[in-house]
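Structure assessment
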Amino acid sequence: MTRGRIRAKLRQSHLYTFTCFRQDTADAEVPHSFDGPGFSRIVYCNQPQVHSKKPLYYTSNNISTTKYNIITFLPKAIFEQFRRVANLYFLLAAILSLTPVAPFSAVSMIAPLAFVVGLSMAKEALEDWRRFIQDMKVNTRKASIHKGNGVFGFKPWQRIRVGDVVKVEKDQFFPADLLLLSSSYDDGICYVETMNLDGETNLKVKRSLEVTLPLEDDGTFNDFRGTIKCEDPNPSLYTFVGNFEYERQVYPLDPSQILLRDSKLRNTAYVYGVVIFTGHDSKVMQNATQSPSKRSRIERKMDQIIYILFTLLVVISLISSIGFAVKTKYQMPDWWYLQPNNTTNFYNPKKPALSGIFHLVTALILYGYLIPISLYVSIEVVKVLQATFINQDIHMYDEETGNTAQARTSNLNEELGQVDTILSDKTGTLTCNQMDFLKCSIAGSAYGSGSSEVELAAAKQMAIDLEEQGNELSNFPMHKNSTGDSWNDASGLGATEIELETVVTSKDEKEHKHVIKGFSFEDIRLMGGNWSKEPNADVIELFLRILAVCHTAIPERNEEIGGFNYEAESPDEGSFLVAAREFGFEFCKRTHTSVHVRERYVSSGQPVEREYQILNLLEFTSKRKRMSVIVRDEDGQIFLLCKGADSIIFDRLAKNGRMYEEATTRHLNEYGESGLRTLALAYKKLEESEYSAWNSEFMKAKTSIGPDRDAMLERVSDAMERELILVGATAVEDKLQKGVPQCIDKLAQAGLKLWVLTGDKMETAINIGFACSLLRQGMKQICITLNPDVQTQDGKEAVKENILMQITNASQMIKLEKDPHAAFALIIDGKTLEHALADDMKYQFLGLAVDCASVICCRVSPKQKALVTRLVKEGTGKTTLAIGDGANDVGMIQEADIGVGISGVEGMQAVMASDFSIAQFRFLERLLVVHGHWCYKRIAQMICYFFYKNIAFGLTLFYFEAFTGFSGQSVYDDWYMLLFNVILTSLPVISLGVFEQDVSSEVCLQFPALYQQGPRNLFFDWYRIFGWMGNGLYTSLIIFFLNIIIFYDQAFRSAGQTADMSAVGTTMFTCIICAVNCQIALTMSHFTWIQHLFVWGSITTWYIFLLLYGMTSPLFSGTAYQILVEALAPAPMYWCATLLVIVTCNLPYLVHISFQRSFNPMDHHIIQEIKYYRKDVEDQYMWTRERSKARQETKIGFTARVDAKIRQLRGKLQKKHSPTATNVQTPLS
């Protein structure tokens, strides 16, 4: 065999009738004719130096997914920071602090602002640096490039240029968009996995032009020259138009010769290709969008609150300045001690208006404590700590890959708790794309005793229900003898009917049995050659031969086990071949004209290898929903073997071929209810003359040139696939990723909607929908598709009108539906979606989609995924989350409010573009239901509390200034004010944001409906925000006026002196510190030693500071010298006033929360009380009842599907055992 020429004689191009047929005649290859814009790219093959300078210089192969670079970081990051209105205000205040009118020093205003902004910018830089490192990992990958003289050497991806000849070996990614020149196969084909582009795991066949096939090794590229003229860079993955000029001939190019960046070479030793598009010009990067700067809804709403507070600040500052101007004009001339005749413009009775304007600036700075500058930095700290907890959550650690959850940005933690719609990729996200052959129906008999996941769950739940009902019946002693036996009989019959024994199907046997990938079939009647003893052994033999022959797979010898591995275009085919092998029909060899099957269980007792000559292959398409192969066996007989969707096959059966139709239909329905994917198998025997006549028509259609070629092929194929004889049906289980059905079920119970956006064909997506319980039996499917008749006969407008009519009719059908339990599923393909996303139709489409329980979009491009995500985000106005694992998901991940990447085995593009990354889809449940719920409530409560304490503090400054003639005098010492936000109230609020839990993580998962508190925004709506502001206003009034009333004309010291301003100010500040810290203690539901330390430690710190500050020199402490030891501590009035004010401030909140818990409790209040009184341990029935209530009513998910199965089984019980059922129900009536 020639070096690298594996399976040299197998010319795969002969296998494909539709997509991979190569014209045999040279005149069939007509060059594309294109001129004008959009087709200007010229590539000189093997001459990259030509493209190193203008006018043919193209972008480099370096890619970047970062938000910033060295040049743009400072301006962009500063812009991001000053998008926050509070930061803008403090910037203005910092500038004004440089003027003489400032009541504080400039440093005290500038330093906090610089600290807050600098910390936030450092965090942004760190997160973007991580993205840069991920980019560098991709950019520095090595690729084999032709360096000249037939010598290839390695270069990093980022140094690859347009025109370079690249050699890519098996299982490597393509570094750029390439034109395939040749491969290790004789006829220049190769197998490509495009999972990163369109999500499909089945392999695509690509083929080179015949003229480049001689370029078969490194040395042949020494003198290789050619020119490519083609389309400009664009995001379309499935189209390509260009011409290849080589050796004075021009050859047309199409998508089957193009190898796209980030797809992977499979089952091919190597390929050679020339680079057409590099870096951001490549199609996968054209589908990417710019990394957006995302802000959470809470943060955007916080800006609105800042506007309100800023308005309040301006209002009270205007009141203060007007009051000051009035006082200056009318009263200051009488205040001789102020020397009104010798003053500046700041206090000039002759210019009161000017003095008032200067005082306005002073007031704006003085009342700045209404707007908490430390809020943003506190939130940044809290979010980083929250992200650390997410990263270190052991329950989101994947043992297989060793990957943990990663919060790649902490800006969106609270958004995790407000998600309304999840948009998910399918392949690699929901599924492993591993099929297991589980059951089959042959000649009207059902085989296979194994159970699907849906059957096991339904049987288990039914058993629990039967047991509970039995227990309830035992509570009626008067009927014990008469009904007990009847119920036992009924439950026994029910168990037989439901086949509850499948729940424990030979568990011990399974543990000892060798696991065969793709084969979970259990039935001794077919295994070990026992099928030959069955009544219809000849039909079973034909069924198994169809499995072994009707496919397009390729066998690869596995030296380790001595058998074969199969590379199939779909995982279904792979499972069929494994099943056929286990039944004794092993597909072992393929040539371009035949397949060979080794049959073990034959009458002679010795294995026999049979050859089946392939005459024609009619491949599967989403439109045909079937595939057929016409073969000639060793006896010379010709057969058409067909497999496909049961609805398609049954329509094509002959009158004498429907013998098993009724029984097979019944089995297919049962398989469908059990969540299995089904196909029907049929055959037809052909006479030689019949086949010859048809084949001549088929070859005419196959070799025709023009737009009608596919339609002609379909028409001829359809004529052959008639008058079939039904043999049986298969049922395979699509293996989802571990925990996916349970995760989807929990998310559905939490009230989230799930859309699936996939590049897969419609049938595959629908089957996955059934497997993960997004679809179920009885759910009405609305399929919006292009009508082929309208598409061919009329123009684009007619097509759009047809789609709009389908959408309108579907919406009307949903509105007229009277059954409250009816569920609808919307299914739409990419071509239809292209029209549905048009501006004049997209909102009608969205309206229909929102009314449906589940939505599945098939055959969508990465760009369409992003557009659908944008439509849902902007059209519903609710939080969207996109989750995917491949480069094809980057667009929607970046477009969604929250992007989640799955760090699987295939590339890191999705993770690099994401906000959060997890190892498997199932971890999304904990990320949202636990961490999302916690983070939302923590941040919401934290922000509300922040505004409460700053209003309570800031307004006391206004009251005192008004009390002192609007003089601009602060009642508090400067150091008190500086420490208020920095030390004395900062740590408790941070502990609230980091450690608060209304319920534990286990309870969050047991009561998923708690999650709805986030999407409904119960903890950060305007009612609650204004409630907290009102609480702050009330607290400020109590603190100021109660203290003034107490201290105004009362003896304070033992000698009878009244309290001075420093004593009153310090007492008021003590009341503020104690009141706001007691308030946060009342707010917390969950205490750790850290919270106790921070809350009570803050109050203790205030007294320690006051003691130490008073001990310093009077030059430093001023009027606060020895204030605690000599003035406050000895005075009982100080302690009594402090206690009275604290109780009065917090009493309304205590009354409110007590009333709410007693008469209008929220969900978490009830759960907290159940846990506190240990009812979850002592009263399991109550706990179970409350859990059953705590889930949103949903029409999707595993629970909804199991409920449907239980209703079906109960219906069977009632029909079959109605007298027994009547007896059982009598005592309950």
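These figures come from a predicted structure and were not determined experimentally.

Here's the deal with the environment of Asn-139
Take Asn-139: it is sitting in helix H3 (residues 106–139). Residue classification places Asn-139 among the buried residues on the basis of a relative accessible area of 1%. The spacing of Asn-139 and Asn-62 is 77 residues in sequence and 5.9 Å in space, taken between C-alpha atoms. Ignoring sequence-local partners within four residues, the contact set of Asn-139 consists of Asn-61, Asn-62, Ile-63, Pro-156, Trp-157 and Gln-158. Within the structure, the side chain of Asn-139 is placed 2.9 Å from the side chain of Asn-62, a separation counted as a polar contact.

Digging into the sheet that holds strand S7 (residues 204–207)
Reading across from one edge, S7-S6-S12 is the order of the 3 strands in this open sheet, with antiparallel pairing throughout. Strands at the two margins of the open sheet, each flanked by one partner only, are S7 and strand S12 (264–266). Neighbour-to-neighbour, the strand axes of this sheet turn through a mean angle of 45°, independent of strand direction.

Some remarks on empty space enclosed by the protein
Considering all chains together, one arrives at 8 cavities of 30 Å³ or more under this definition. A volume near 160 Å³ is recorded for the largest cavity. Forming the boundary of the largest cavity are 14 residues, of which Glu-80, Arg-84, Glu-124, Glu-299 and Asn-411 lie nearest the centre. Elements with a minimum of two residues in the lining of the largest cavity: helix H1 (73–81) and H3. Among the elements that make up the lining of the largest cavity, the one with the highest residue count is H3 (3 residues). Its residues placed into classes, the lining of the largest cavity shows no nonpolar, 4 polar and 10 charged.

Considering the packing of helix H27 (residues 923–963) against helix H29 (residues 986–995)
It is at 8 Å that the axes of H27 and H29 come closest, and there the two elements cross at 160°. When the axes of H27 and H29 are compared, the pair comes out roughly antiparallel. Regarding H27 and H29, the two cross each other, and that crossing is right-handed. Contact residues: Arg-938, Gln-941, Met-942, Tyr-945 and Phe-946 in H27; Val-989, Leu-992, Gly-993, Val-994 and Phe-995 in H29.

A short note on the packing of aromatic side chains
Counted according to the given criterion, the structure contains 51 aromatic pairs. With a centroid separation of 6.0 Å and 50° between ring planes, the pair formed by Phe-437 and Phe-521 is classed as tilted. Separated by 84 residues along the polypeptide, Phe-437 in strand S16 (residues 431–442) and Phe-521 in the loop between helix H11 (507–512) and helix H12 (537–549) bring together distant segments of the chain. Measuring from centroid to centroid gives 5.2 Å for Phe-521 and Phe-583, while their planes differ by 85°, and the two rings are edge-to-face.

So, the sheet that holds strand S28 (residues 780–784)
Reading across from one edge, S14-S33-S32-S31-S15-S27-S30-S29-S28 is the order of the 9 strands in this open sheet, with mixed pairing throughout. Where the open sheet ends on each side, the last strands, each with one partner, are strand S14 (406–407) and S28. Sheet topology places strand S15 (residues 419–424) next to strand S27 (residues 753–757); 4 bridges connect them, and they run parallel. Residue pairing for S27: Ile-422 is matched across the bridge by Leu-754. Relative to S28, helix H21 (residues 796–816) is tilted by about 165°, and along the sheet it contacts S28 and strand S29 (824–829).

Focus on the nonpolar core
In terms of nonpolar packing, the biggest core is built from 112 residues, with Tyr-972 and Tyr-976 touching the most fellow members. Among the elements that take part in this core, H27 stands out by supplying 17 residues, more than any other. Ignoring sequence-local partners within four residues, the contact set of Tyr-972 consists of Phe-953, Thr-956, Leu-957, Met-977, Gly-1065, Met-1068, Phe-1069 and Ile-1072. One finds Tyr-447, Phe-639, Ala-682 and Leu-686 within the second-largest nonpolar core, a separate group that totals 70 residues.

Observations concerning the confidence of the model for the chain
Close inspection of predicted coordinates is inappropriate for parts of the model with low pLDDT. Residues with a pLDDT of 70 or more make up 83% of the chain, whose mean pLDDT is 81. Below a pLDDT of 50 lies the segment residues 1–28, which in the model reaches 78 contacts outside its immediate sequence neighbourhood of four places, other chains included. Across residues 472–512, confidence stays below pLDDT 50; counting only partners more than four residues off in sequence or on other chains, it has 45 contacts.

Focus: the packing of helix H6 (residues 297–330) against helix H7 (residues 352–366)
Direction vectors running N to C along H6 and H7 enclose 145°, while the axes themselves pass 8 Å from each other. Between H6 and H7 the crossing geometry is right-handed. Contact residues: Leu-313, Val-314, Ser-317, Leu-318, Ser-320, Ser-321, Phe-324, Ala-325, Thr-328 and Lys-329 in H6; Pro-352, Ser-355, Gly-356, His-359, Leu-360, Ala-363 and Leu-364 in H7. Looking at the contact of H6 with H7 residue by residue, the class counts come to 9 nonpolar, 7 polar and 1 charged.

Examining helix H15 (residues 661–673)
For H15, spanning 13 residues, the distance from its first C-alpha to its last is 18 Å, which sits close to the expected 18 Å at 1.5 Å a residue. Regarding H15, the residues found buried are Ala-663, Thr-664, His-667, Leu-668, Tyr-671 and Gly-672.

Section: the pattern of salt bridges
Here the structure, examined in full by the defined rule, presents 44 salt bridges. Two residues, Lys-684 and Glu-690, come together in a salt bridge whose shortest N-O distance is 3.9 Å. According to the relative accessible area criterion, Glu-690 is partly exposed, its value standing at 35%. Three or more residues joined by partner-sharing salt bridges are found here, namely Arg-626, Arg-652, Glu-714, Asp-718, Glu-721 and Arg-722.

A short note on helix H28 (residues 974–984)
What H28 keeps buried is the set Tyr-976, Met-977, Leu-979, Phe-980, Asn-981 and Leu-984. Looking at the buried residues of H28, the elements they touch are helix H8 (374–391), H27, H29, helix H32 (1061–1083), helix H33 (1089–1111) and helix H35 (1123–1128). Two to three positions downstream of the cap, the backbone nitrogen of Trp-975 sits 2.8 Å from a side-chain oxygen, assigning the N-cap of H28 to Asp-973.

Thoughts on the pairing of strand S6 (residues 189–193)
Most of S6 sits out of view: 5 of its 5 residues are buried. Residues Ile-189, Tyr-191 and Glu-193 point to one face of S6 and Cys-190 and Val-192 to the other, with burial holding for every one of them. As judged from the 4 bridges shared by S6 and S7, these two strands associate in the antiparallel manner. Its bridge partner being in S7, Val-192 is matched across the sheet by Lys-204. Relative to S12, S6 runs antiparallel, the two sharing 3 bridges. Across the sheet, the residue bridging to Glu-193 is Lys-264, located in S12.

Topic: a nonpolar patch on the surface
The grouping of Ile-1104, Leu-1107, Leu-1108, Met-1111 and Val-1125 at the surface amounts to a nonpolar patch, some 450 Å² of accessible area in total. Sorting elements by how many residues they give to the nonpolar patch places H33 first, with 4 residues. In this structure, Leu-1108 sits in helix H33.

Observations concerning a positive patch on the surface
Together, Lys-142, Lys-147, Arg-159 and Arg-161 give the surface a local cluster of positive charge. Among the secondary structure elements, Lys-147 is positioned in strand S2 (residues 142–148).

Let's talk about the environment of Ser-183
The topology assignment puts Ser-183 in strand S5 (residues 177–183). Between the alpha carbons of Ser-183 and Tyr-270 there is a distance of 5.8 Å; along the sequence they are 87 residues apart. Here the side chain of Ser-183 touches Tyr-185 through a polar contact of 3.1 Å, landing on its backbone nitrogen.

Let's talk about unusual backbone geometry
Here Asp-171, not a glycine, exhibits a phi torsion of approximately 70°, which is positive. Here Asp-171 lies in the loop between strand S4 (165–169) and S5. Phi is positive for Asp-262, which is not a glycine, with a value near 75°. Residue placement: Asp-262 occurs in the loop between strand S11 (258–259) and S12.

Concerning the side chain of Asn-695
Counting through the fold element by element, Asn-695 comes out in helix H16 (residues 688–702). A relative accessible area of 18% places Asn-695 in the buried class. Side chain to side chain, Asn-695 and Asn-616 meet in a polar contact 3.2 Å long.

Quick look at the pairing of strand S3 (residues 151–156)
Relative to S3, S2 runs antiparallel, the two sharing 6 bridges. For Gly-148, the partnering residue across the bridge sits in S3 and is Val-151. What sits between the antiparallel neighbours S2 and S3 is a turn of 2 residues, in which Asn-149 has the positive phi angle 60°.

Rules behind the numbers
- Residues numbered from 1 in each chain as written.
- Predicted model: local features only at pLDDT ≥ 70, side-chain atom pairs only at ≥ 80, totals over all residues.
- Heavy atoms only, no water.
- Helix = DSSP H or I, 4+ residues; strand = E, 2+ residues; numbered from the N terminus.
- Buried < 20%, exposed > 50% of the residue type's maximum accessible area, 1.4 Å probe, protein only.
- Contact = heavy atoms within 4.5 Å.
- Polar contact = N/O pair within 3.5 Å; in protein donor to acceptor, adjacent residues only side chain to side chain.
- Pairing = 2+ DSSP bridges.
- Axes fitted to C-alpha atoms, helices over the stretch in contact; angles between N-to-C directions.
- 1 Å grid on protein atoms, 1.4 Å probe; cavity = no way out; pocket = protein on both sides within 12 Å on 5 of 7 lines; lining within 4 Å.
- Points joined across faces, edges and corners; volume = space filled by probe spheres on them.
- Nonpolar A, V, L, I, M, F, W, Y, C, P; charged D, E, K, R; others polar.
- Parallel < 35°, antiparallel > 145°, perpendicular 65-115°, else oblique.
- Left-handed = near helix turned anticlockwise from the far one by under 90°.
- Phe/Tyr/Trp six-rings, centres within 6.5 Å; stacked < 30°, edge-to-face > 60°.
- Core = buried A, V, L, I, M, F, W, Y, C linked by side-chain atoms within 4.5 Å.
- pLDDT = per-residue confidence, 0-100.
- Expected span 1.5 Å × (residues − 1).
- Salt bridge = Lys/Arg side-chain N within 4 Å of Asp/Glu carboxyl O.
- Patch = residues over 30% accessible without salt bridge, like charges linked within 9 Å, V, L, I, M, F, W, Y side chains within 5 Å.
- Areas by Shrake-Rupley, 256 points an atom, 1.4 Å probe, with all protein chains shown as cover.
- Lys, Arg positive; Asp, Glu negative; His and termini not counted.
- Charge placed at Lys NZ, Arg CZ, Asp CG, Glu CD.

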